[in-house]
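Descriptive analysis of the structure
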Amino acid sequence: MELLDKLNWRYAAKAMNGKVVAEDKIERILEAARLAATSSGLQPFEIFVVKNQEIKEKIRPIAWNQSVITDCSHLLVFAAWDTYTPERINYMFDLTNEIRGFKNEGWEDYRQMLLNTYPQKDAEENFNHAAKQAYIAFAHAIIAAAYEGVDATPLEGFDPSAVDEILGLKEKGLRSAVLLPLGYRADDKDWLVNLVKVRKPMKDLVTVIE
């Protein structure tokens with residue numbers, strides 16, 4: 001129940017007070033994102049943690065001028081691979097073999113299947129697939145933030161190409177997918193802070209098929 005209580009506490013804060021989140025909390029939030037499930041375990045994304053205020057100031061105008069961009073403590077940018085390449089796929093399979101200390105024939109066959117599939121696909125299709133994986137980690141970060149008592153504001157309202165340019169993502173083979181400011185709510189400035197959380201009733205959301 002503790003986790004559900006914290007998820008009921010969380011909401012998308014519309015104003016933050018600038019208070020700095022302790023680094024140990026940020027580290028645990030990032031670790032939760034790192035541990036997220038992803039398709040084939042490839043983790044086809046990177047997370048950029050923006051603490052630099054000048055960079056936040058540059059991002060704010062191309063993110064609908066939302067104040068949480070500049071008033072947050074840490075701004076997380078989830079950036080997905082721009083496409084799948086043999087090098088990227090092989091890196092994760094080689095890393096797995098190194099950490100586990102052995103090779104598995106079935107695992108190597110699976111590697112070859114991915115190598116024969118993803119790199120040949122259209123780059124935009126691959127990016128969209130990678131972005132979906134980034135969103136899984138993004139959701140983990142939101143849940144972890146709630147558990148830590150840290151506010152998080154999921155943001156899709158921004159110009160991805162402009163963020164990519166500010167952070168130099170194109171040169172890294174990445175494209176920004178979604179933003180997550182982390183901080184603490186400003187009770188006196190946030191119109192949403194005291195409103196009741198509204199979600200569909202379970203009967204309208206879940207269908208059980210016996």
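Summarised in this report is the structure supplied together with it. (Residues numbered from 1 in each chain as written. Predicted model: local features only at pLDDT ≥ 70, side-chain atom pairs only at ≥ 80, totals over all residues. Heavy atoms only, no water.)

1. Topic: the sheet that holds strand S1 (residues 45-50)
Taken in spatial order, the 4 strands line up as S1-S2-S4-S3 in an open sheet, and their pairing is antiparallel. Lying at the two open borders of the sheet, with one neighbouring strand each, are S1 and strand S3 (151-152). Where S3 meets strand S4 (residues 174-183), 2 bridges bridge the pair, whose relative direction is antiparallel. Residue Asp-151 lies in a different strand from S4, and its bridge partner there is Gly-183. Of the strands in this sheet, S1, strand S2 (74-81), S3 and S4 touch helix H7 (residues 123-147), which is tilted by about 10° from S4. The strands touched by helix H8 (residues 160-167) within the sheet are S1, S2 and S4, with S4 carrying the most contacts at an inclination of about 85°. (Pairing = 2+ DSSP bridges. Helix = DSSP H or I, 4+ residues; strand = E, 2+ residues; numbered from the N terminus. Contact = heavy atoms within 4.5 Å. Axes fitted to C-alpha atoms, helices over the stretch in contact; angles between N-to-C directions.)

2. Let's talk about the layout of surface pockets
Reported here for the largest pocket is a volume of approximately 410 Å³. As for the largest pocket, its lining consists of 18 residues, of which Arg-34, Leu-42, Gln-43, Phe-45 and Met-92 are closest to the centre. With 4 residues, the top contributor of residues to the lining of the largest pocket is helix H5 (residues 86-100). A class-by-class count of the residues in the lining of the largest pocket yields 11 nonpolar, 5 polar and 2 charged. The calculated volume of the second largest pocket comes to roughly 220 Å³. (1 Å grid on protein atoms, 1.4 Å probe; cavity = no way out; pocket = protein on both sides within 12 Å on 5 of 7 lines; lining within 4 Å. Points joined across faces, edges and corners; volume = space filled by probe spheres on them. Nonpolar A, V, L, I, M, F, W, Y, C, P; charged D, E, K, R; others polar.)

3. Brief notes about the packing of H5 against helix H6 (residues 105-115)
Close contact between H5 and H6 brings their axes to 10 Å; oriented N to C, the two are set at 170°. In terms of axis orientation, H5 runs roughly antiparallel to H6. Between H5, through Pro-86, Ile-89, Asn-90, Phe-93, Asp-94, Thr-96 and Asn-97, and H6, the contact on the second element is made entirely by Trp-107, Glu-108, Tyr-110, Arg-111, Leu-114 and Leu-115. Taken together, the residues of the contact of H5 with H6 break down into 7 nonpolar, 3 polar and 3 charged. (Parallel < 35°, antiparallel > 145°, perpendicular 65-115°, else oblique.)

4. Brief notes about the pattern of salt bridges
This model, assessed by the stated rule, comprises 12 salt bridges. The salt bridge partner of Arg-28 is Asp-24, with a shortest N-O separation of 3.4 Å. Placement of both Arg-28 and Asp-24 in helix H2 (residues 23-34) is noted, with a separation of 4 residues, approximately one turn of the helix. Put simply, Arg-88 and Asp-82 hold a salt bridge, and the shortest N to O gap is 3.1 Å. Since its relative accessible area comes to 17%, Arg-88 is described here as buried. With relative accessibility at 27%, the residue Asp-82 sits in the partly exposed group. Through salt bridges with shared partners, one network takes in Asp-24, Lys-25, Arg-28 and Glu-148. (Salt bridge = Lys/Arg side-chain N within 4 Å of Asp/Glu carboxyl O. Buried < 20%, exposed > 50% of the residue type's maximum accessible area, 1.4 Å probe, protein only.)

5. Some points on the pairing of S4
A regular strand places its side chains so that they alternate between the two faces of the sheet. For S4, the tally of buried residues reaches 9 of 10 residues, placing the bulk of the element in the interior. Of the pairings in the sheet, the one linking S2 to S4 comprises 8 bridges and is antiparallel in character. Across the sheet, Val-77 pairs through a bridge with Leu-179, a residue of S4.

6. Brief notes about the packing of helix H1 (residues 2-9) against H7
Where H1 contacts H7, the two axes come as close as 8 Å, and the packing angle between them is 100°. Judged on the interaxial angle alone, H7 and H1 are roughly perpendicular. On the side of H1, the interface is formed by Glu-2, Leu-3, Lys-6, Leu-7 and Trp-9, while H7 contributes Ile-143, Ala-146 and Tyr-147. Taken together, the residues of the contact of H1 with H7 break down into 6 nonpolar, no polar and 2 charged.

7. Focus: a nonpolar patch on the surface
On the surface, Met-202, Leu-205, Val-206 and Val-208 cluster together into a nonpolar patch covering about 430 Å² of accessible area. With relative accessibility at 41%, the residue Val-206 sits in the partly exposed group. (Patch = residues over 30% accessible without salt bridge, like charges linked within 9 Å, V, L, I, M, F, W, Y side chains within 5 Å. Areas by Shrake-Rupley, 256 points an atom, 1.4 Å probe, with all protein chains shown as cover.)

That is the geometry; function is a separate question.
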